[in-house]
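# Topology and contacts: notes
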Amino acid sequence: MAMIDLELHEAMVIAMARRRRFKMLAQELTDAVREDGTYIRGDGKAPPRNQILARAQNRTYRDLFVVTGPVGSRVIRLKVE
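Structure report, in brief.

What counts and how
- All chains use their own residue numbering, which begins from 1 and follows the written sequence.
- pLDDT decides what is reported in this predicted model: residues at 70 or higher carry local features, side-chain atom pairs at 80 or more are listed and counted, and totals for whole chains, interfaces and linings draw on all residues regardless.
- Only hydrogens and water are set aside; all other atoms, that is, all heavy atoms of the structure, feed into the side-chain values.
- Secondary structure elements follow DSSP: runs of H or I no shorter than four residues count as helices, runs of E no shorter than two count as strands, and numbering proceeds from the N terminus.
- Burial classes follow relative accessibility: with a 1.4 Å probe on protein chains only, a residue under 20% of its type's maximum area counts as buried, one over 50% as exposed, and anything between as partly exposed.
- In this analysis, two residues are considered to be in contact whenever any of their non-hydrogen atoms come within 4.5 Å of each other.
- Note on pairing: DSSP must find at least two bridges between two strands before they are called paired.
- Only the contacting stretch of a helix is used when fitting its axis, a line to C-alpha atoms as for every element, and angles between N-to-C directions run 0 to 180 degrees.

Residue placement: Leu64 occurs in the loop between helix H3 (49-57) and strand E2 (65-68). With relative accessibility at 27%, the residue Leu64 sits in the partly exposed group. Separated by 54 residues in the primary sequence, Leu64 and Glu10 place their C-alpha atoms 9.9 Å from one another. Not counting chain neighbours up to four residues away, the residues in contact with Leu64 comprise His9, Val13, Arg77, Leu78 and Lys79.

Quick look at the structure:
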């Protein structure tokens, strides 16, 4: 897939929607964003798992995501209404 100029949280939502999976392990979501190629950092690299988790846990995006589970296997859920 061609790279699209999206913010990381937008790329995360699109990755979940494309897969029709609104609850994913953080690593699964990281792999999906990388596979889609919809977000590349300023240094030209794909986002690592800790960046995906940080975005999902950021207060700014609490209306979009819920993060649960133990540290080694965090689950990111998209809030859908």
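Here we take up the sheet that holds strand E1 (residues 23-25). Taken in spatial order, the 3 strands of this open sheet run E1-E3-E2, and their pairing is antiparallel. Strands with a single pairing partner mark the edges of an open sheet, and in this sheet they are E1 and E2. Averaged over all pairs of adjacent strands, the angle between their axes in this sheet comes to 25°, without regard to strand direction. Here E1 pairs with strand E3 (residues 75-78) via 3 bridges, running antiparallel. Note that in E3 the partner of Met24 across the bridge is Ile76. Strand contacts of H3: E2 and E3, with the helix running at about 120° to E2, the strand carrying the most contacts.

Note that every value here comes from positions in space, so none of it alone points to a role or purpose.
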